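# Breakdown of the fold
Spelled out from the first residue to the last, the chains are:
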Amino acid sequence: MSSNPDTPAPKPNGKTAMIIGAGPAGLMAAERLAGSGHAVTIFEGMPSAGRKFLMAGKSGLNITHAEDLETFLSRYGTSRARLEPHLRKFGPNGIRDWCAGLGIETFVGSSGRVFPTAMKASPLLRAWLRRLDGLGCKIHYRHYWTGWDETENAVFKTPDGEVTAKADITVLALGGGSWKRLGSDGKWMEILKSAGITCNPFKPANCGFDVAWTDHLIDKCAGSPVKAVTLTVATKSGSQTVRGEFVISRTGIEGSAVYAISAALRDQWLETGDATVTLDLTPDRDLADVTTRLNKPRGKNSLGNHLRKTLGLDATKTALVFEVTPRETLNDPAKLATAIKTLPLKITQPRPIDEAISTAGGVAWEELDDTFQLKKRSGTYCVGEMVDWEAPTGGYLLSGSMIILGNHT
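Residues numbered from 1 in each chain as written. Predicted model: local features only at pLDDT ≥ 70, side-chain atom pairs only at ≥ 80, totals over all residues. Heavy atoms only, no water.

### Points about the pattern of salt bridges
Applying the stated criterion to the full structure yields 20 salt bridges. With a closest N to O distance of 2.9 Å, Glu-84 and Arg-80 form a salt bridge. Here Glu-84 pairs with Arg-80, and both are found in helix H4 (residues 80-89), just four residues apart, close to one helical turn. For Glu-84, a relative accessible area of 19% translates into the label buried. A salt bridge links Glu-190 to Lys-193, with the nearest nitrogen and oxygen atoms 3.5 Å apart. Taken together, the residues Glu-190 and Lys-193, both in helix H7 (residues 188-194) and three residues apart, mark about one turn of the helix. Owing to a relative accessible area of 40%, Lys-193 belongs among the partly exposed residues under this scheme. Three or more residues joined by partner-sharing salt bridges are found here, namely Glu-70, Arg-80, Glu-84 and Arg-88. (Salt bridge = Lys/Arg side-chain N within 4 Å of Asp/Glu carboxyl O. Helix = DSSP H or I, 4+ residues; strand = E, 2+ residues; numbered from the N terminus. Buried < 20%, exposed > 50% of the residue type's maximum accessible area, 1.4 Å probe, protein only.)

### Section: the sheet that holds strand E8 (residues 154-158)
The strand order across the open sheet formed by three strands is E7-E8-E9, and the pairing between neighbours is antiparallel. Bordering the open sheet on either side are strand E7 (144-148) and strand E9 (161-165), each of which pairs with just one other strand. Strand-to-strand twist in this sheet, taken as the mean axis angle between neighbours without regard to direction, amounts to 30 degrees. Looking at chain direction, E7 and E8 are connected through four bridges and run antiparallel. Note that in E8 the partner of Trp-148 across the bridge is Ala-154. (Pairing = 2+ DSSP bridges. Axes fitted to C-alpha atoms, helices over the stretch in contact; angles between N-to-C directions.)

### A word on the state of the cysteines
The final tally for this structure, using the stated rule, is zero disulfides. Summary of cysteine pairing: Cys-99 is not part of a disulfide, and the nearest cysteine sulfur, belonging to Cys-137, is at 18 Å. For Cys-137, a relative accessible area of 8% translates into the label buried. (Disulfide = S-S within 2.5 Å.)

### What about helix H6 (residues 122-134)?
The end-to-end C-alpha distance of H6, which contains 13 residues, comes to 18 Å, matching closely the 18 Å that a straight helix rising 1.5 Å per residue would cover. Residue Gly-136 follows H6 closely and has a positive phi angle near 90 degrees. (Expected span 1.5 Å × (residues − 1).)

### Quick notes on the sheet that holds strand E4 (residues 106-108)
Backbone hydrogen bonds are what pair the strands of a sheet, in a parallel or an antiparallel way. Taking strand neighbours across the sheet as the criterion, the three strands line up as E3-E5-E4 in an open arrangement whose pairing is antiparallel. Edge positions in the open sheet fall to strand E3 (64-65) and E4, since each of these has one partner strand only. In this structure, E3 lies alongside strand E5 (residues 113-116), joined through two bridges in antiparallel fashion. The partner of Thr-64 across the bridge, within E5, is Val-114.

### Quick notes on the side chain of Glu-385
With respect to the helices and strands, the residue Glu-385 is situated in the loop between strand E20 (380-382) and helix H16 (396-406). At a separation of 2.8 Å, a polar atom in the side chain of Glu-385 contacts the main-chain amide nitrogen of Thr-359. Excluding anything up to four places from it in sequence, Glu-385 contacts Lys-52, Gly-175, Gly-176, Ser-178, Ser-358, Thr-359, Gly-361 and Ser-401. (Polar contact = N/O pair within 3.5 Å; in protein donor to acceptor, adjacent residues only side chain to side chain. Contact = heavy atoms within 4.5 Å.)

See below:
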C-alpha cells in the first residue's frame, strides 16, 4: 500500500465494487478494492462518514494494541480461529504503518494501547477520505440501504426518492446494533434473515451493568472511580480475572475493567438470569496480611477510619464494603478481611444494547467462507461488526474490523 494519502487511482481492472457503510470496515474495504483497480462506490445512510469512529476518538482514538501477537490473538475468544490468518497478515504493526502512510504518527501508551499522536480521530479520517478520493472512490451520503429488488439490485432510500445500484462485488459493512443515532441501527439483520441467511441475535458487548444500589451509595459515590482492584467472574471453563478500575454509576458499574469481563458476566446473566462479579479491593495484599491489619486495635476510630489507616481503603471502596457486607461480618475482622478480598456485587442486568460500546451477534460464521463472502450470495461480503465476533476495548474492535477488510478479496 502506498505511503502517500494522496495516492492516485491505479489502472482500472474493469470491475466494479459497491461498499454499503462508511465506517472503518467499509472504508478499509473501499481502499483495498480501489487499490486493486476496482471502480468503487460507497453508499452511506448517514450525512457523513465514520460517525461512530469519530465518537470513539473523542477521548483518544485507541486504534490498536502493541502487546505480543499471541496475547493479542487471544483477545478474540471463540472467533480467533476464523480471524487469526487475517490478523497475522495485517496486525497491529501493519495498522501503525498504515497510519503512518496517511501522515498520522502513533504512539504506544503505558497500557500498551496505540493512539494517534494527536489523539483525535478526525485528522486520520480526513486523510483517509482524501486517499479514497485519490483512488477514485465515490461516496453517496444519505443513501440508506433497504435490501435488494427482484433483479438483485441494491435499493437505497434517499432524500430524492428510491435509487438502485449493482456491482461485481458488494461489501456489506453496516455495523452492529449499538449507538443507533450514529448509524448502526442493526435493521439490516431482518433483510439478511429474509434472504435465508442465519443471523444470531445482538447482545451488548463492552457494556455496563445494573446493580441495585441504595440511594445512600448513589448519593455518596455515583461518578466515583474504584481504582486498583481486581474483578473476577465465573466462566464455563473456570473464571476470568482482570485488574484495573471501574466507575460507580447511578445505575450500576461501568468502565474499562468492567468492559474487559463484560462478555463473561453477560453470558452468565443470559444463561441463569443471575450474575455476580467478585471484587478484590486490596489486590496487592494477601488475606493473611489484610486479616492481621484489621486485627490491630481500633481505639476510638470509626470502622471507616480503621479501614483507611490499616489498608488504605478510600471512601469509595469503604462505601462499597458497607453497601454489600452484613453487619455481623463488619464486626468480625477475619470475616471482614475475607469480604474485602472477595466482595460480591450482584448484577441485575446488562445495560441496554444501544448504550453498549459494541455488540456481539450478527451474521453467523457458518454463512461465510474464508474470504467473508456469503455462501448463499456469490460476490457479496459481510465484514466488520455485523459479523458475529466480539473483542474487548483496547484497540481490538477497530483492529478486527480493519484486518478483516484488509484480506477478504
